[in-house]
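Structural overview
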Amino acid sequence: MNDDVRNIVLGVMAAGVSAALGWLTRTFLWRRGLRRKQAFFGLPDHSEALLVVNRNAGGPELAVMRHDVFALLELSALIKDCRAHAQVVAHDAARQGFGERTEFCLGGPASNHRTAAHLSSLLPGVRVNVEAEAGADRGAFRIDGSDYRAQTGRSEYVLLARLTVGERRDARPVFLFCGQSAITNQAATRYLARHHERLARRYRTGSFVLLLKVVNSRAYGPDVVELVADVTRAARTPRPDPVTGGGE
């Protein structure tokens with residue numbers, strides 16, 4: 001074998017080894033990212049998640065708003081990416097405790113009884129005004145002594161929470177999207193889809209409650225979202241000053 005042939009053979013071998021190492025590295029990084037994503041969402045391979053849907057706040061029947069449907073599609077994509085399965089359940093038909101299956105609960109307490117139960121049990125520091133006669137204060141949040149009122153189409157608020165209960169390492173989380181309107185629910189699910197890696201790095205598999213503001217939804221839809229504050233401590237601490245019409 002002359003030098004030219006040997007150099008060609010060595011070059012081909014080096015290229016093959018480099019390609020194999022590159023493929024192995026990419027596969028390792030992809031698998032590690034998938035496992036981290038599955039751990040954050042509590043969705044190992046072939047597990048099942050509950051999508052708890054609300055009803056149109058304007059009527060007694062189960063009629064999911066258009067933006068809530070879009071939110072469900074965003075969540076379904078996340079669940080599929082984790083190699084898990086989704087089951088859609090009406091808010092008044094969900095009959096399970098905490099930790100058995102990952103739960104994605106959509107909507108405020110006026111339209112979702114399951115959300116009202118979660119607020120009462122898991123977030124006693126949050127009050128939501130659900131009184132029909134409240135006028136401009138309807139849907140307002142009260143957290144740590146501060147009020148957050150909706151200005152429809154201009155600035156509206158939504159709570160995005162990941163909640164765990166008990167000390168079980170295999171307990172599944174509850175994700176709560178408690179918004180002042182359907183478009184804020186969608187905004188929170190989109191925020192979670194875009195920022196779940198950063199949230200996983202910061203909170204790992206622990207609980208958090210974020211207050212988000214949706215800006216000028218009339219013009220920008222659910223896309224322009226500002227993080228107002230991490231209200232985890234305040235939301236999980238019982239407060240002695242309940243507001244009439246809270247989310248109990």
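The rules behind the values
Residues numbered from 1 in each chain as written. Predicted model: local features only at pLDDT ≥ 70, side-chain atom pairs only at ≥ 80, totals over all residues. Heavy atoms only, no water. pLDDT = per-residue confidence, 0-100. Helix = DSSP H or I, 4+ residues; strand = E, 2+ residues; numbered from the N terminus. Contact = heavy atoms within 4.5 Å. Pairing = 2+ DSSP bridges. Axes fitted to C-alpha atoms, helices over the stretch in contact; angles between N-to-C directions. Parallel < 35°, antiparallel > 145°, perpendicular 65-115°, else oblique. Left-handed = near helix turned anticlockwise from the far one by under 90°. Nonpolar A, V, L, I, M, F, W, Y, C, P; charged D, E, K, R; others polar. Buried < 20%, exposed > 50% of the residue type's maximum accessible area, 1.4 Å probe, protein only.

**Let's talk about the confidence of the model for the protein**
- Residue-level pLDDT values for the protein average 85, and 85% of them are 70 or greater.
- Between the elements of the protein, mean pLDDT differs from a low of 76, seen in helix α1 (residues 3-41), to a high of 97, seen in strand β9 (residues 208-215).
- Contacts from residues 242-248, a stretch scored under 50 in pLDDT, to residues over four places away or in other chains number 17 contacts.

**Overview of the sheet that holds strand β6 (residues 146-148)**
- The three strands lie next to each other as β4-β5-β6, forming an open sheet whose pairing is antiparallel. Because the sheet does not close on itself, it has two edges, and the strands there are β4 (126-128) and β6. This sheet shows a mean twist of 20 degrees between the axes of neighbouring strands, independent of strand direction.
- Sheet analysis places strand β5 (residues 141-143) next to β6, joined by three bridges and oriented antiparallel. Across the sheet, the residue bridging to R142 is D147, located in β6.

**Points about the packing of helix α2 (residues 66-81) against helix α4 (residues 182-203)**
- It is the contact of α2 with α4, at a shortest axis distance of 7 Å, that shows an interaxial angle of 20 degrees. As far as their axial angle goes, α4 and α2 are roughly parallel. When you trace α2 past α4, the crossing you get is left-handed. Here H67, D68, F70, A71, E74, L75 and L78 of α2 lie close against α4, whose contacting residues are A182, I183, N185, Q186, T189, R190, L192, A193 and H196.
- Along the lines of polarity and charge, the residues of the contact of α2 with α4 split into eight nonpolar, five polar and three charged.

**A short note on the pairing of strand β1 (residues 48-53)**
- Burial analysis of β1 places five of its six residues in the buried class, the great majority of the element.
- Relative to strand β2 (residues 85-90), β1 runs parallel, the two being bridged by six bridges. The partner of V53 across the bridge, within β2, is A90.
- In the sheet, β1 pairs with strand β3 (residues 102-106) via four bridges, with the strands oriented parallel. From the neighbouring strand, L51 faces β3, where its bridge partner is F104.

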